[in-house]
Amino acid sequence: MVGTSVSRQHENFLQVIQSYYQLTKPRIIPLLLITTAAGMWMASDGRVDPFLLLVTLVGGTLAAASAQVLNCIYDRDIDYDMERTRHRPIPSGKVQPRDAMLFAISLGLLSFTLLTVFANLLSALLAMSGIVFYMAIYTHLLKRHTPHNIVIGGAAGAIPALVGWAAVTGELSWVAWLLFAIVFLWTPPHFWALALMIRDDYAKVGIPMLPVVAGEESTTRQIWIYTLLVVPASLLLIYPLGALGVVYGAIAVWLGIIFIQKAWQLLQAPTDKQLARSMFKYSILYMMLLCTGMVVDSLPIMQQVTTGLTENLQTLVSAILIGG
């Protein structure tokens, strides 16, 4: 799989492995996996099968890695032009595009096989649709042609939540689609905060990210709007869907208040890159802790505690009303 041109630029096999590992953009993948895990825990009412969890997370990792490698191949021209990406394996010449393509195809096929055999066909097809959407819709059609690229393209990053749900149930419910919607609405403030930080890089290579096309003020307004959408959307899992309870609710409200505060601060100072960086970092923490809240609340012991608290509260209210 590794050509001669690559071998000449690596001192040993470990460096070859490292280059292919870098192609998968590993820092992005854990965030996708935590939404997958949250979907699985909720779908199984906190009783997720450990083997199924492992298989689904591995399958999801392989699918996400395949998509990122394909992205590296497609964007190798602009990666070479941007200083922060120039040293990636393909633009630096350490890995040839043909070899990277074989690697991406292998990862995708392995993901599809693993999910089909050990989970179900729906989860496998959803994982593949994530790759296709990310490459065909976001990377090819949108990224270089419209400032709305990340809004529509964000659907690709929301698909792992559906994969997790489908792996457990073999179908998609309203709760699964709401999980999808939460990640979808979260993506613009998350990514546009990053885009504000590296606006000059995008401008240099002609990528029409919102800060480049519309400016910082317009971008921070959009970040504010989407933050105001995602926070209440996260609470719909409690009411009207009733999928989660007070533990998740407390976590979601607390996280949401901080998220809104950070979006408001950025709205007041659109050109402040430090605030943009703070917003970007917090958006990652927000999604990770929100999904952790979903997992914790769906555990059987937490459901028992919530039921007990609810019954006690109802008894107390009844006693007060009768006594009154």
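Cut-offs applied
- Residues numbered from 1 in each chain as written.
- Predicted model: local features only at pLDDT ≥ 70, side-chain atom pairs only at ≥ 80, totals over all residues.
- Heavy atoms only, no water.
- Helix = DSSP H or I, 4+ residues; strand = E, 2+ residues; numbered from the N terminus.
- Rg over C-alpha atoms; globule rule 2.2 N^0.38 Å.
- Buried < 20%, exposed > 50% of the residue type's maximum accessible area, 1.4 Å probe, protein only.
- Contact = heavy atoms within 4.5 Å.
- Areas by Shrake-Rupley, 256 points an atom, 1.4 Å probe, with all protein chains shown as cover.
- 1 Å grid on protein atoms, 1.4 Å probe; cavity = no way out; pocket = protein on both sides within 12 Å on 5 of 7 lines; lining within 4 Å.
- Points joined across faces, edges and corners; volume = space filled by probe spheres on them.
- Nonpolar A, V, L, I, M, F, W, Y, C, P; charged D, E, K, R; others polar.
- Core = buried A, V, L, I, M, F, W, Y, C linked by side-chain atoms within 4.5 Å.
- Bend = angle between axes of the 7 residues up to and from the residue.
- Polar contact = N/O pair within 3.5 Å; in protein donor to acceptor, adjacent residues only side chain to side chain.
- Phe/Tyr/Trp six-rings, centres within 6.5 Å; stacked < 30°, edge-to-face > 60°.
- Lys NZ or Arg CZ within 6 Å of the ring centre and 35° of its normal.
- Salt bridge = Lys/Arg side-chain N within 4 Å of Asp/Glu carboxyl O.
- Axes fitted to C-alpha atoms, helices over the stretch in contact; angles between N-to-C directions.
- Parallel < 35°, antiparallel > 145°, perpendicular 65-115°, else oblique.
- Left-handed = near helix turned anticlockwise from the far one by under 90°.

Peer 1: Teacher, can you tell me more about the overall build of the chain here?
Peer 2: Counting secondary structure elements, the chain contains 15 helices and 0 strands. What you see for the chain is a C-alpha radius of gyration of 22 Å, in line with the 20 Å of a compact globule of 324 residues. For the chain, the spread of C-alpha atoms along the principal axes amounts to about 85 × 50 × 30 Å. Out of the 324 residues belonging to the chain, those deemed buried represent 51%. Counted over contacts in the chain with a minimum sequence separation of 6, partners at least 24 positions apart contribute 73%. Summing over all exposed atoms, the chain offers an accessible surface of approximately 15400 Å²; the carbon and sulfur share of this is 67%.

Peer 1: Mind showing me how you'd approach empty space enclosed by the protein here?
Peer 2: A water-sized probe rolled over the atoms picks out the places where empty space is left. Within this structure, the stated rule accounts for 1 cavity of 30 Å³ or more. The volume enclosed by the largest cavity comes to roughly 40 Å³. In terms of lining residues, the largest cavity is bounded by Thr-35, Ala-38, Ala-161, Leu-179, Ile-182, Val-183, Met-287, Cys-291 and Met-294. Elements supplying a minimum of two residues to the lining of the largest cavity: α3 (29-43), α9 (174-197) and α14 (273-298). Grouping the constituent residues of the lining of the largest cavity by class yields 8 nonpolar, 1 polar and no charged.

Peer 1: So what exactly am I meant to see when it comes to the nonpolar core here?
Peer 2: Nonpolar side chains in soluble globular proteins tend to be buried together. Judged by nonpolar contacts, the single largest core of 95 residues is most densely connected at Leu-237 and Met-294. Ranked by the residues each element gives to this core, the list is headed by α9, at 15 residues. Among all residues touching Leu-237, those that are not within four sequence positions of it are Met-42, Val-175, Leu-178, Leu-179, Ile-182, Gly-242, Ala-243, Leu-244, Tyr-248 and Met-294. Counting 8 residues, the second largest nonpolar core, distinct from the first, contains Met-40, Val-48, Leu-52 and Leu-53.

Peer 1: Help me out: how do you make sense of helix α7 (residues 121-142) in this one?
Peer 2: Every α-helix carries 3.6 residues per turn, so stepping three or four residues along brings you back to the same face. At Phe-133, α7 shows its maximal kink, close to 30°. Listed in full, the buried residues belonging to α7 are Ser-123, Ala-124, Leu-126, Ala-127, Met-128, Gly-130, Ile-131, Tyr-134, Met-135, Tyr-138, Thr-139 and Leu-142. Looking at the buried side of α7, the elements it contacts are α4 (50-74), α6 (97-118), α8 (149-169) and α9. Structurally, the start of α7 carries an N-cap: the backbone nitrogen of Leu-122 is 3.4 Å from a side-chain oxygen of Asn-120.

Peer 1: So what exactly am I meant to see when it comes to the packing of aromatic side chains here?
Peer 2: A ring pair, where both rings are aromatic, is described by two values, the distance of the centres and the angle of the planes. Applying the stated criterion to the full structure yields 10 aromatic pairs. Measuring from centroid to centroid gives 6.2 Å for Phe-180 and Phe-184, while their planes differ by 10°, and the two rings are stacked. Here Phe-180 pairs with Phe-184, and both are found in helix α9, just 4 residues apart, close to one helical turn. Residue Phe-180 is classed as buried on the basis of its relative accessible area of 17%. Cluster of aromatic residues (ring-pair linked, three or more members): Trp-177, Phe-180 and Phe-184. Taking NZ or CZ as reference, Arg-86 lies 5.5 Å from the ring centre of Tyr-80, over its face.

Peer 1: I'm lost on the pattern of salt bridges in this one. Help?
Peer 2: Opposite charge on two side chains permits pairing when their charged atoms draw close. Applying the stated criterion across every chain, the model contains 7 salt bridges. Lys-143 is paired through a salt bridge with Asp-75; the nearest N and O atoms lie 2.6 Å apart. Pair noted here: Lys-143 is in the loop between α7 and α8 and Asp-75 is in the loop between α4 and α5 (76-81), with a separation of 68 residues, a long-range link. Both residues of the pair, Lys-143 and Asp-75, count as buried. Two residues, Arg-199 and Glu-216, come together in a salt bridge whose shortest N-O distance is 3.9 Å.

Peer 1: How do you make sense of the side chain of Thr-219 when you look at a structure like this?
Peer 2: Among the structural elements, Thr-219 can be located in helix α12 (residues 216-235). On the basis of relative accessible area, Thr-219 is assigned to the buried category, the value being 0%. Those residues within four positions of Thr-219 in sequence are excluded, and the remaining contacts are Trp-192, Leu-196, Leu-210 and Pro-211.

Peer 1: What's the story with the environment of Met-279 in this structure? I'm lost.
Peer 2: Tracing the backbone through its elements, the reader meets Met-279 in helix α14. Counting along the chain gives 37 residues from Met-279 to Leu-316, while the straight-line C-alpha distance between them is 42 Å. The residues touching Met-279, leaving out its near neighbours within four places in the chain, are Pro-189, Ala-193, Ile-223, Thr-227, Phe-259, Lys-262, Ala-263 and Leu-266.

Peer 1: Help me understand the packing of α4 against α6, please; the structure alone is not making it clear to me.
Peer 2: Helix packing for two helices is described by the angle between their axes and how far apart those axes are. Contact pair α4 / α6: the axes reach a minimum separation of 8 Å and the direction vectors enclose 155°. Classed by the angle they form, the pair α4 and α6 counts as roughly antiparallel. Helix-helix and strand crossings are classified by hand; for α4 and α6 the assignment is left-handed. Each residue belonging to the contact of α4 with α6 can be placed in one class, and the counts come to 20 nonpolar, 5 polar and no charged.

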